[in-house]
Amino acid sequence: REGPGGTGSAMDAPSAAGLGGADPQLQRFIEVETQKQRFQQLVHQMTELCWEKCMDKPGPKLDSRAETCFVNCVERFIDTSQFILNRLEQTQKSKSAFSESLSD
């Protein structure tokens, strides 16, 4: 009467112990949770920055100027974040290429 869930969980425990804690499912879970945390931090930073920049006086509704400001602020924040990530990626690749050429 064991279903696929029962078989999977029975196999996970020995494999986790046998790999000395390097369980691929656990590693993947940690990666996903870390990505979620980074995303939440980015959203928090973006909200704080754009709120300070665009919100003069809180009211019951956003006026069109504040709404436009928020849209532009979020778009520039995303553009800047993407630019920085791309730049870091290029820097990392060039360092890797440089270290490979030294080892040849």
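None of these values were measured; they are calculated from a predicted model.

Colleague: Would you mind going over the state of the cysteines in detail, with residue names and values included?
Modeller: Following the criterion strictly, the structure yields two disulfides and no others. Sulfur-sulfur distance for the disulfide between C50 and C73 comes to 2.0 Å. In this structure, the disulfide formed by C50 and C73 twists by about -90° around the S-S bond and is classed as left-handed. Of this pair, C50 sits in helix α2 (residues 24–54) while C73 is found in helix α3 (residues 64–103), placing the two residues 23 residues apart along the sequence. Each of the two residues, C50 as well as C73, counts as buried.

Colleague: Kindly report on the nonpolar core, identifying the contributing residues and their values.
Modeller: With eight residues, the main nonpolar core is built from M46, C50, C54, M55, C69, F70, C73 and F77. Put simply, the parts of the chain that give this core at least two residues each are α2 and α3. Residue contacts for C73: discarding those within four places in its chain leaves L49, C50, K53 and C54.

Colleague: Lay out the layout of surface pockets in plain terms, naming residues and giving numbers.
Modeller: The calculated volume of the largest pocket comes to roughly 300 Å³. Surrounding the largest pocket, R38, F39, L42, V43, M46, F77, I78, S81, Q82, I84 and L85 form its lining. Where the lining of the largest pocket is concerned, the elements lending two or more residues are α2 and α3. Within the lining of the largest pocket, the residues separate by chemical class into eight nonpolar, two polar and one charged.

Colleague: Which residues make up the packing of aromatic side chains, and what values do they have?
Modeller: Enumeration according to the criterion identifies one aromatic pair in this entry. Where W51 meets F70, the ring centres are 6.3 Å apart and the plane angle is 45°; that geometry is what we call tilted. Here F70 lies in helix α3 and W51 lies in helix α2, a separation of 19 residues in the sequence.

Procedures and definitions
- Residues numbered from 1 in each chain as written.
- Predicted model: local features only at pLDDT ≥ 70, side-chain atom pairs only at ≥ 80, totals over all residues.
- Heavy atoms only, no water.
- Disulfide = S-S within 2.5 Å.
- Helix = DSSP H or I, 4+ residues; strand = E, 2+ residues; numbered from the N terminus.
- Buried < 20%, exposed > 50% of the residue type's maximum accessible area, 1.4 Å probe, protein only.
- Core = buried A, V, L, I, M, F, W, Y, C linked by side-chain atoms within 4.5 Å.
- Contact = heavy atoms within 4.5 Å.
- 1 Å grid on protein atoms, 1.4 Å probe; cavity = no way out; pocket = protein on both sides within 12 Å on 5 of 7 lines; lining within 4 Å.
- Points joined across faces, edges and corners; volume = space filled by probe spheres on them.
- Nonpolar A, V, L, I, M, F, W, Y, C, P; charged D, E, K, R; others polar.
- Phe/Tyr/Trp six-rings, centres within 6.5 Å; stacked < 30°, edge-to-face > 60°.

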